[in-house]
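Next come the chains, spelled out residue by residue.
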Amino acid sequence: MRAGSGTSVDDDERLTLAAHHALGAALDAVDVAYRCSGTGVVRNGDVVQRCFRDLHTARKHIMFGLDGYRAVARHSLGVEASP
């Protein structure tokens, strides 16, 4: 891809999969950190708590819903979406 040019469907799909993977890895890491933290993690302002909350909230965003995976899978398999 060249600067100033649009993205292809394949580029968009790779970006979608990369974003899903990055969020999944971040969620795994913050969940481990949260479980390993002491009781101080429940205080407002705790960094681990804030990251835990932020990442789990991001997981609920429409960008990270299962429809993103489904659309990429349908396109990769050459299957049209059902009406």
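What counts, and where the lines are drawn
- Residues numbered from 1 in each chain as written.
- Predicted model: local features only at pLDDT ≥ 70, side-chain atom pairs only at ≥ 80, totals over all residues.
- Heavy atoms only, no water.
- Disulfide = S-S within 2.5 Å.
- Buried < 20%, exposed > 50% of the residue type's maximum accessible area, 1.4 Å probe, protein only.
- Axes fitted to C-alpha atoms, helices over the stretch in contact; angles between N-to-C directions.
- Helix = DSSP H or I, 4+ residues; strand = E, 2+ residues; numbered from the N terminus.
- Parallel < 35°, antiparallel > 145°, perpendicular 65-115°, else oblique.
- Left-handed = near helix turned anticlockwise from the far one by under 90°.
- Contact = heavy atoms within 4.5 Å.
- Nonpolar A, V, L, I, M, F, W, Y, C, P; charged D, E, K, R; others polar.

Visitor: Talk me through the state of the cysteines; I want residue IDs and the actual numbers.
Guide: Throughout the structure, instances matching the rule amount to zero disulfides. Lacking any disulfide linkage, Cys-36 is separated from the closest cysteine sulfur, that of Cys-51, by 15 Å. According to the relative accessible area criterion, Cys-51 is partly exposed, its value standing at 35%.

Visitor: How would you sum up the packing of helix H1 (residues 9–36) against helix H3 (residues 66–77)? Please name residues and give values.
Guide: The contact between H1 and H3 brings their axes to 10 Å, and the two run at 140°. With respect to each other, H1 and H3 are oriented oblique. Relative to H3, the crossing made by H1 is left-handed. The residues of H3 that touch H1, namely those facing Val-9, Asp-10, Glu-13, Thr-16, Leu-17 and His-20, are Gly-68, Tyr-69, Ala-71, Val-72, His-75 and Ser-76. Grouping the constituent residues of the contact of H1 with H3 by class yields five nonpolar, five polar and two charged.

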